[in-house]
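Each chain, letter by letter, is given below.
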Amino acid sequence: MAPIAANFDYQRIAVADGVALNAAVVGSGPPIVLLHGFPQTHLMWRHVAADLAADHTVICPDLRGYGESDKPVDIDGTVYSKRTMAADVVALAGALGHERFALAGHDRGALVAFRAGLDHPDRITRLAILDVLPTLDMWDVLHGVSAAVGFHLYLMAQPPGLPEQMIAACPDAFFGHFLDVWAGDAQPIPADIRAAYLQACREAVPSIVADYRATAGIDVEHDQADRAAGNQLAMPVTVLQQDWGAALSFDAAALWASWAPDLHHDTVTSGHFMAEEAPADISEALRALLQR
């Protein structure tokens, strides 16, 4: 997999028993960790990371189960919980010498970042969320025929076996579908990056499915417990989203405000892959968050 920039330092860092993450690190200054989404790898941050590296230490890992990071077998339904994956991120930053750091996540990485903010408020100084809702709210707003937009959520929520078999039978068609239909721009992802994404996904079908299956299981339980306890994100939070609320009839800003008292919420005009479609806008938003 090609490095995102010539001056990025690639490292494999142990974060848990038998699990190491592949991470690209660049720059110096206050640390910020950038977590990728689906069906991508750390490569999605190549433009934003290069910009932020002018005055920050930027850390771009492949999440557990993705890219060139380790892909442990999910033996009990917890191996790919967002709690476990968030602990990976905290351990990664600590291993690199950063006890406190800013954190931004897109899509699946945003769910990991959300959980990190709730579980490790003493470690996360700022939090940016790109184009998701919290797990509980996501399931609540999907209903009727409009839920068809999230068909993959329901497919990968099924018990182990069938989803993995179906996806592995035509992985490029499955993963490529999302790269095509979720993009606002016809060509936000160049051919070499797309090929890297598809290769990474082909090699990670069981772990990607396990990540999604956790979001229909243990991740719901963790979010329910936080909601019942009245837990909220203690740090400044920026949320950038497409206007899914208009399409699915919900108020995204209000849903996020219930979790994040110090919230800046904005609706973007780019497609889902906003860090690749509009990297200058995302860099600007992250810099504004870091100055709050």
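Anyway, here's the lowdown on the structure attached to this text. Since this is a predicted model, take the numbers as computed values, not measurements.

## Quick word on the packing of aromatic side chains
Logical step 1: Per the counting criterion, the structure on display carries 12 aromatic pairs.
Logical step 2: A ring pair is formed by Phe 38 and Phe 175, whose centres lie 5.9 Å apart and whose planes are at 65°; its orientation type is edge-to-face. In this pair, Phe 38 sits in the loop between strand E3 (31-35) and helix H1 (46-52) while Phe 175 sits in helix H7 (residues 171-181), placing the two residues 137 residues apart along the sequence. The same class applies to Phe 38 as to Phe 175, namely buried.
Logical step 3: Ring geometry for Trp 139 and Tyr 154: centres 5.4 Å apart, planes at 75°, overall edge-to-face. Separated by 15 residues along the polypeptide, Trp 139 in helix H4 (residues 135-141) and Tyr 154 in helix H5 (residues 151-155) bring together distant segments of the chain.
Logical step 4: When its relative accessible area of 34% is taken as the criterion, Tyr 154 is described as partly exposed.

## What about the environment of Arg 287?
Logical step 1: Relative to the elements of secondary structure, Arg 287 occurs in helix H14 (residues 279-291).
Logical step 2: Its relative accessible area of 21% is what places Arg 287 among the partly exposed residues.
Logical step 3: Along the sequence, Arg 287 and Ala 275 sit 12 residues apart, while their C-alpha atoms lie 14 Å from each other.
Logical step 4: Only 2.9 Å separates the side chain of Arg 287 from the side chain of Asp 55, close enough to count as a polar contact.

## Some thoughts on empty space enclosed by the protein
Logical step 1: The full count for this structure, using the stated rule, is 2 cavities of 30 Å³ or more.
Logical step 2: If you add up the space inside the largest cavity, you get close to 430 Å³.
Logical step 3: Every residue lining the largest cavity is counted, 21 residues in all, and those nearest its centre are Asp 131, Val 132, Met 138, Leu 153 and Trp 244.
Logical step 4: Where the lining of the largest cavity is concerned, the elements lending two or more residues are helix H3 (108-119), H4, H5 and helix H11 (244-248).
Logical step 5: A class-by-class count of the residues in the lining of the largest cavity yields 13 nonpolar, 5 polar and 3 charged.
Logical step 6: Here the second largest cavity defines a volume of roughly 40 Å³.
Logical step 7: Together, Lys 82, Arg 83, Leu 111, Phe 114, Arg 115, Thr 135, Asp 219, His 222 and Asp 223 line the second largest cavity.
Logical step 8: Taken together, the elements giving at least two residues each to the lining of the second largest cavity come down to helix H2 (82-95), H3 and helix H10 (218-229).

Rules of the game
In this numbering scheme, every chain counts its residues from 1 along its sequence in written order. Where local features are concerned, this predicted model is filtered to residues with pLDDT of at least 70; where side-chain atom pairs are given and counted, the filter is 80 or more; whole-chain, interface and lining totals use all residues. In computing side-chain properties, one takes all heavy atoms of the structure into account and sets aside hydrogens as well as water. Two rings from Phe, Tyr or Trp (for Trp, the six-membered ring) form a pair when their centres sit within 6.5 Å of each other. Planes less than 30 degrees apart are called stacked, planes more than 60 degrees apart edge-to-face, and all others tilted. Numbered from the N terminus, helices here are DSSP runs of H or I no shorter than four residues, and strands are runs of E no shorter than two. Relative accessibility decides the category of a residue: with a 1.4 Å probe and only protein chains considered, values under 20% of the type maximum give buried, values over 50% give exposed, and everything between is partly exposed. Pairing of N or O atoms within 3.5 Å defines a polar contact, subject to two protein rules: one partner must be a possible hydrogen donor and the other a possible acceptor, and residues neighboring in sequence count only if both atoms are side-chain atoms. With a 1 Å grid spanning the protein atoms alone, the term cavity applies to any set of points in which a 1.4 Å probe fits but cannot get out, the term pocket to an open set with protein on both sides within 12 Å along at least five of seven lines, and the term lining residue to any residue with an atom within 4 Å of a point. Grid points are joined across faces, edges and corners, and a volume is the space filled by probe spheres set on the points. When residues are sorted by character, Ala, Val, Leu, Ile, Met, Phe, Trp, Tyr, Cys and Pro go into the nonpolar class, Asp, Glu, Lys and Arg into the charged class, and all the rest, Gly among them, into the polar class.

Nothing here speaks to function; it is geometry throughout.
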